[in-house]
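Analysis of the macromolecular model
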Amino acid sequence: MVRLLPNRGRRGTNLRSWHGAGPCCMEDTASRSTPPPLPSLADGKFHLLDPNMIPVGRIGMAITSLVLLGIGVIFLMFVSFSPGISGAVKSTVWWGWVALVPILGIYSWIWPGVSYRYTFYCLKDDCLIFRRGVFWKMETLVPKSRVQHTDISQGPVQRAYAISDLIIHTAGTRYALVTVNGLPRSLAPQLRDHLLDRIDDRTL
Amino acid sequence: MRALLFPIIAGILTARGLFLVFFFGLLLLGAIGSALLRYWRYRYRFAEQELVVEQGWIYRNVRHISYVRIQNINITRNLFHRLFGVSGMQLESASGSEPEAVMESLSPAAIDELHERVRQAKQRVVEAPGAVVEGAGEAQPSTALPLPRRQILRLGLGELTRHGLVSNRGMVLVGAALAFLFQGPMADRYLPDFFRWAARLTERLPLELVEALGPVVWLLGALMGFAVIMGVLSLLSVIYAIVRFYRFTLSVDPESVRAEHGLFTRVAITVPRRRVQLVGYRANPFHRLLGRSSIRIETAGQSGGNETASSLRWLAPILPAGDAARVLREVQPEVDWEAFQWRPLHPRARARILRVRLILLGAATALLFIPMGVTALAALLLVPLVFAYARGYARYAGWAVTPTAIAYRSGWLVQQQSIVRFIKIQTVSVTRNPFDRRWGMATVNVDTAGADPGGHGIRIRFIDYEIACELRDLLEEKMSETNFIW
């Protein structure tokens, strides 16, 4: 339980501490040279999200798993009390459910950490790039000028770990939403303020 | 939320047995509870450049909407609103179909302030030095003088006949007729008679004749029957085309494109040119045989792809292939329609397409082998087709970048092209699945507003990953130079 909640109460820690050079491209770090860091937030580098994303992800997946197992229990009840179903089938279903418990448990424990290591955001002067996916990789680029409006949302678990999601809405269709989930709570508004198209900034 | 509530209440009312009532009651409590949690706290404030809406208590959401982006402010006042001297407001920007903010009660002063701030913000955009804004003159309503309008395309009966033959929409009419027959008021009365008649006809076929004629004649008969059916369908399709597109004319003025057509119902649709998000070009084999093609457009504000009477979809249902560039130049003069330099996909795209299809075909054959036995091997007759497909696809598919737009084309028998101006691109994404990575390929998606979900868009598959990254960087640069305002 201690490792499940490793960074609890880390709210006031230095955001820049994890801002170190994350992997830059999906595979090759060397081929893409990064410009010298700008003093601003928009340094054009790929950053990992808040590591608190891992425990939050674990809790979220644990809840989902419990719900799934609960539905499984209802299904088990249904199967057990149905007279028409043979004993062999019943025991198979039971053992299937029992086997599901460790599978879901291990998956919920491991997966958030894995996907955390493959999720990056990059803020440039005029756009945001979000990159995610362990097997199915996806990289989305939203220019500042195409941002329609933004949401910063936070659930109870995320609040306990001081992270929040930044959701960027564009006028597009298939990729109209770009969700950067798992930013440090104090960083999300900074990113948002950078992305919102402030006319005065643009013309200066 | 409301959508959820109704079935739950219906469930309570119709449920039999205490357990079910309890179950649905629990659901109801849960639904109300979650709504409370979500909407408990709702407040807004006017910030310098944007409207800020804070919402929720356990799940919190803070939304920032730039005044510049606000498109519509809808005010509703029901009885309660009027009693308390307030209004309900729905606020829409360009994204999605749902209003971006819904406020149940707002004082008149607050609404006035919002209007004023939106107006001022839009004013600032227009006046900002160096801001590239398309349709900046949109704010002032068009003057009383009608703009000079020029006709650029007219489709006569000959073209419409070709369109009918090429598009083969006869099945639509057959389907409509069948639906009418089976569902209409006549179904009950005439359908049994029809089946009785059909049964009697088959009984009367003289058996001796069947045996005497032999298989060749029967085959000929079947072919003739097929030809007759195809002929009738084509005829229906031509009639459909003529009824729908009779006297199709396309005309332009400096600001908009207008199409007029229809035999019984005359339709005239006008679309501001700057609303055009994507131009699509399509030619099936019959089109190419007759030297024709078709052009469609996607406009903003018709998301979901459902074609309403008031949306312009066909710039030209059919036109001589040689005229396409001329018409397109009239509609989007910003694009160099002749200057496309098509670049191919990854050199191994053909090999990959071929391999995937062959594996799929093999798997399908193996599956069919279980019930069908050796007959299943007939599926292997499709192998040459697979080769032809892979070759044709890889040869035609490609992409091009001009100074103002990006174009993508793909297809084998039905060849399609999509052209999007940089200014209309919303997001660019590069995706790679495990197979892509194995082959060193990627898919580049260019998202636009109002895209038809099933339609052809800029979704460049099997592109070299390195080139995809270059393309992404190029698009980033081009998009940042422009500001999207519609």
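Residues numbered from 1 in each chain as written. Chains lettered and ligands numbered in written order. Predicted model: local features only at pLDDT ≥ 70, side-chain atom pairs only at ≥ 80, totals over all residues. Heavy atoms only, no water.

Here we look at the sheet that holds strand β5 (residues 87-92) of chain B
Residue and element names in this part refer to chain B. What the three strands build is an open sheet, ordered β4-β5-β6; its pairing is antiparallel. Each end of this open sheet is capped by a strand with a single partner; those strands are β4 (72-76) and β6 (101-106). Geometrically, the sheet is characterised by an average inter-axis angle of 20° between neighbouring strands, direction not taken into account. Here β4 runs beside β5; their pairing, made up of five bridges, is antiparallel. In the sheet register, N72 faces β5, and the bridge partner there is E92. (Pairing = 2+ DSSP bridges. Helix = DSSP H or I, 4+ residues; strand = E, 2+ residues; numbered from the N terminus. Axes fitted to C-alpha atoms, helices over the stretch in contact; angles between N-to-C directions.)

Comments concerning the confidence of the model for chain A
Any residue range with low pLDDT should be treated as having predicted coordinates unsuitable for detailed reading. Residues and elements named next belong to chain A. Scored by pLDDT, chain A has a mean of 79; 76% of the residues are at 70 or more. Below pLDDT 50 for its whole length, residues 1-38 participates in 64 contacts with residues either more than four positions away or in separate chains. Across residues 200-204, where pLDDT falls below 50, the model places seven contacts with residues more than four positions away in sequence or in other chains. (pLDDT = per-residue confidence, 0-100. Contact = heavy atoms within 4.5 Å.)

Considerations on helix α2 (residues 87-117) of chain A
Residues and elements named next belong to chain A. In this model α2 runs 46 Å from its N-terminal to its C-terminal C-alpha over 31 residues, within 8% of the 45 Å that 1.5 Å per residue would give. Where α2 bends most, the angle comes to about 30°, and this point is I110, followed within four residues by the proline P112. Tucked inside the fold, the buried residues of α2 contact β1 (46-48) and α1 (53-80). (Expected span 1.5 Å × (residues − 1). Bend = angle between axes of the 7 residues up to and from the residue.)

As for the interface of chain A and chain B
Contacts between the two partners involve 49 residues from chain A and, on the opposite side, 54 residues from chain B. Between chain A and chain B the total buried area reaches about 4400 Å² when both faces are included, carbon and sulfur atoms providing 46% of it. For the pair chain A and chain B, the interface holds three salt bridges. Across the chain A-chain B interface, the total number found is 28 residue pairs in polar contact (both at pLDDT 80 or more). Elements represented by at least two residues in the side of chain A that touches chain B include exactly β3 (127-132), β4 (137-143), β5 (147-154), α3 (156-160), β6 (163-170) and α5 (199-203) of chain A. The class makeup of the residues in the side of chain A that touches chain B is 19 nonpolar, 13 polar and 17 charged. Strand direction decides the pairing type here: β4 of chain A and strand β18 (residues 425-432) of chain B, joined by five bridges, are antiparallel. Paired with T140 of chain A across the bridge in β18 of chain B is S429 of chain B. (Buried area = accessible area lost by both parts, 1.4 Å probe. Salt bridge = Lys/Arg side-chain N within 4 Å of Asp/Glu carboxyl O. Polar contact = N/O pair within 3.5 Å; in protein donor to acceptor, adjacent residues only side chain to side chain. Nonpolar A, V, L, I, M, F, W, Y, C, P; charged D, E, K, R; others polar.)

Comments concerning the sheet that holds strand β20 (residues 459-464) of chain B
The antiparallel open sheet is built from seven strands, whose spatial order is β1(A)-β2(A)-β3(A)-β4(A)-β18(B)-β19(B)-β20(B). Edge strands, defined here as strands with exactly one partner in the open sheet, are β1 of chain A together with β20 of chain B. Across the sheet, the mean angle separating the axes of adjacent strands is 20° when strand polarity is ignored. Where β1 of chain A lies against strand β2 (residues 120-123) of chain A, three bridges are found, and the strand directions are antiparallel. Among the inter-strand pairings, F46 of chain A is bridged to a residue of β2 of chain A, identified as C122 of chain A.

A closer look at unusual backbone geometry
In this structure, A162 of chain A takes a positive phi of about 60° despite not being glycine. Inspection of the secondary structure puts A162 of chain A in the loop between α3 and β6. In this structure A162 of chain A comes out as buried when scored by relative accessible area, which is 8%. Notably, F462 of chain B is not glycine yet its phi reads approximately 60°, a positive angle. Take F462 of chain B: it is sitting in strand β20. (Buried < 20%, exposed > 50% of the residue type's maximum accessible area, 1.4 Å probe, protein only.)

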